[in-house]
Amino acid sequence: MNKKSKIYVAGHRGLVGSAILKKLKQEGYENVVFRTSRELDLREKIQVDTFFEEERPDYIFLAAAKVGGIVANNEYPAEFIRDNLLIQTNVIDAAYRYGATKLLFLGSTCIYPKMAPQPLKEEYLLTGELEPTNEPYAIAKIAGIKMCESYNRQYGTSYISAMPTNLYGPEDNFDLHTSHVLPALIRKFHEAKETNMATVEVWGTGKPLREFLYSEDLADACVFLMNHYSDSEIINVGVGEDISIKELAEKVKKVVGYQGEITFNTSKPDGTPRKLVDVTKLTSLGWKATTTMDEGLTKAYQWFLENELTTTN
């Protein structure tokens, strides 16, 4: 990308898209376009075609998606598979028909089999059964990966697919009903501190291992990949190390300043036992995450205090 290339960030208000938009501006890219979901419903083909006809972006960061944690995936499976299939199909196809130079599709590490060897290598895709709690979302993302591969093979396009690990940071979803584990813990511990609750309940046993990547590190990786990676094969984006949910809860408790106890509700699902990605391919290209877990959690909690509370209170 050069500094004047027209760049479209799909999903610019979300956790990932907002970080990409911020990174592009920091790097001096001057011609970035975006639309809110009210202005452009990416599930509607006619609206997507009209946008591409008008703007004709050269580069596309496809960060728009319907996302959520275990609860949301379990309660809204039809929406997770339908909305994501529609969004990515419309954008990827329009990118081809309106002559975009390159597209980056953002998937998720939930595409990998539930019991795949650890750490997760890119070649493990489609080698086993998926985790049932997020299967509809994972299948939609796998379809997006294969759509990018297929367009590259048949039409000679340059579409790449990045698979980020669990993310957190500014613009995260802190709703206890639909969020992922880390932002949910931030809200739980904050509310417990504010109301002097004696205990905070965490779902599951606390034993599952998870890897967490700060959203602004992912944005840096996405811009890096757009400029330095052109392979049809998927590429993992992560930090290369993980912690248990119990350890995570303890870290969040410390950052928030909660003084009570943590209990684990073992009747609730744990999800996948471990999800650590192999980042050998990405590090060999010259990129590595720079935000530590403690630094990222402090920033995420500060953003929650300054933004989320003012909009919900």
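The structure under discussion appears in the preceding block.
**Q** Any chance you could break down the state of the cysteines for me, citing the residues and the numbers?
**A** Scanning all chains against the criterion turns up 0 disulfides. Unpaired in this structure, Cys 110 has its nearest cysteine sulfur neighbour in Cys 148, at a distance of 16 Å. Here Cys 222 is not disulfide-linked; the sulfur of Cys 148 is the nearest cysteine sulfur, at 13 Å.

**Q** So what about the packing of helix α6 (residues 181-194) against helix α8 (residues 245-256)? Which residues, and what values?
**A** Pairs of packed helices are described in terms of their axes, by the angle between the two and the distance that separates them. In contact at an axis separation of 9 Å, α6 and α8 are set at 45° when each is read in the N-to-C sense. By the angle class used here, α6 and α8 are oblique. Considering only the axes of α6 and α8, their crossing is right-handed. Contacts between α6 and α8 involve Val 181, Leu 182, Leu 185, Ile 186, Phe 189, His 190 and Lys 193 from the former and Ile 245, Leu 248, Ala 249, Val 252, Lys 253 and Val 256 from the latter. Within the contact of α6 with α8, the residues separate by chemical class into 10 nonpolar, 1 polar and 2 charged.

**Q** Mind laying out the environment of Glu 261, listing which residues take part and the relevant values?
**A** Position of Glu 261 among the secondary structure elements: in strand β12 (residues 261-265). Separated by 62 residues in sequence, Glu 261 and Thr 199 place their C-alpha atoms 4.6 Å apart. Those residues in contact with Glu 261, other than ones at most four positions away along the chain, are Ala 198, Thr 199 and Val 200.

**Q** Pulling in residues and values, what's your account of the environment of Asn 227?
**A** Structurally, the position occupied by Asn 227 is in helix α7 (residues 215-228). Linking Asn 227 and Met 1, residues 226 residues apart in sequence, is a C-alpha distance of 6.2 Å. Asn 227 has contacts with Met 1 and Tyr 29, leaving out every residue within four places of it along the chain.

**Q** Which residues make up the nonpolar core, and what are the values?
**A** Counting residues in each nonpolar core, the largest one holds 42 residues, and the members touching the most others are Tyr 8, Leu 42, Phe 52, Ile 92 and Leu 103. Mapped onto this core, the elements with two or more residues apiece are β1 (7-10), α2 (45-55), β3 (59-62), α4 (77-97), β4 (102-106), α5 (135-155) and β5 (159-164). Top element by residues in this core is α5. It accounts for 7 residues. Contacts of Tyr 8, omitting those with residues within four sequence positions, involve Val 33, Phe 34, Leu 40, Leu 42, Phe 51, Phe 52, Pro 57, Tyr 59, Ile 60 and Phe 61.

**Q** Describe the sheet that holds strand β13 (residues 274-275), naming the residues involved and giving the relevant values.
**A** Strand order across the open sheet formed by 3 strands is β11-β8-β13, with mixed pairing between neighbours. Two strands lie at the open edges of the sheet, namely β11 (243-244) and β13, each paired on one side alone. Where strand β8 (residues 209-210) lies against β11, 2 bridges are found, and the strand directions are antiparallel. Residue Leu 209 lies in a different strand from β11, and its bridge partner there is Ser 244.

**Q** How would you summarise unusual backbone geometry if you had to cite specific residues and measurements?
**A** Cis peptide bonds are those with omega within 30 degrees of zero, and the linkage from Gln 118 to Pro 119 qualifies with -5°. The topology assignment puts Pro 119 in the loop between β4 and α5. Within the chain, Arg 56 stands out as a residue other than glycine whose phi angle is a positive 45°. Following the sequence through the fold, Arg 56 ends up in the loop between α2 and β3. Arg 56 sits in the partly exposed class, given a relative accessible area of 40%.

How each quantity is defined
- Residues numbered from 1 in each chain as written.
- Predicted model: local features only at pLDDT ≥ 70, side-chain atom pairs only at ≥ 80, totals over all residues.
- Heavy atoms only, no water.
- Disulfide = S-S within 2.5 Å.
- Axes fitted to C-alpha atoms, helices over the stretch in contact; angles between N-to-C directions.
- Helix = DSSP H or I, 4+ residues; strand = E, 2+ residues; numbered from the N terminus.
- Parallel < 35°, antiparallel > 145°, perpendicular 65-115°, else oblique.
- Left-handed = near helix turned anticlockwise from the far one by under 90°.
- Contact = heavy atoms within 4.5 Å.
- Nonpolar A, V, L, I, M, F, W, Y, C, P; charged D, E, K, R; others polar.
- Core = buried A, V, L, I, M, F, W, Y, C linked by side-chain atoms within 4.5 Å.
- Buried < 20%, exposed > 50% of the residue type's maximum accessible area, 1.4 Å probe, protein only.
- Pairing = 2+ DSSP bridges.

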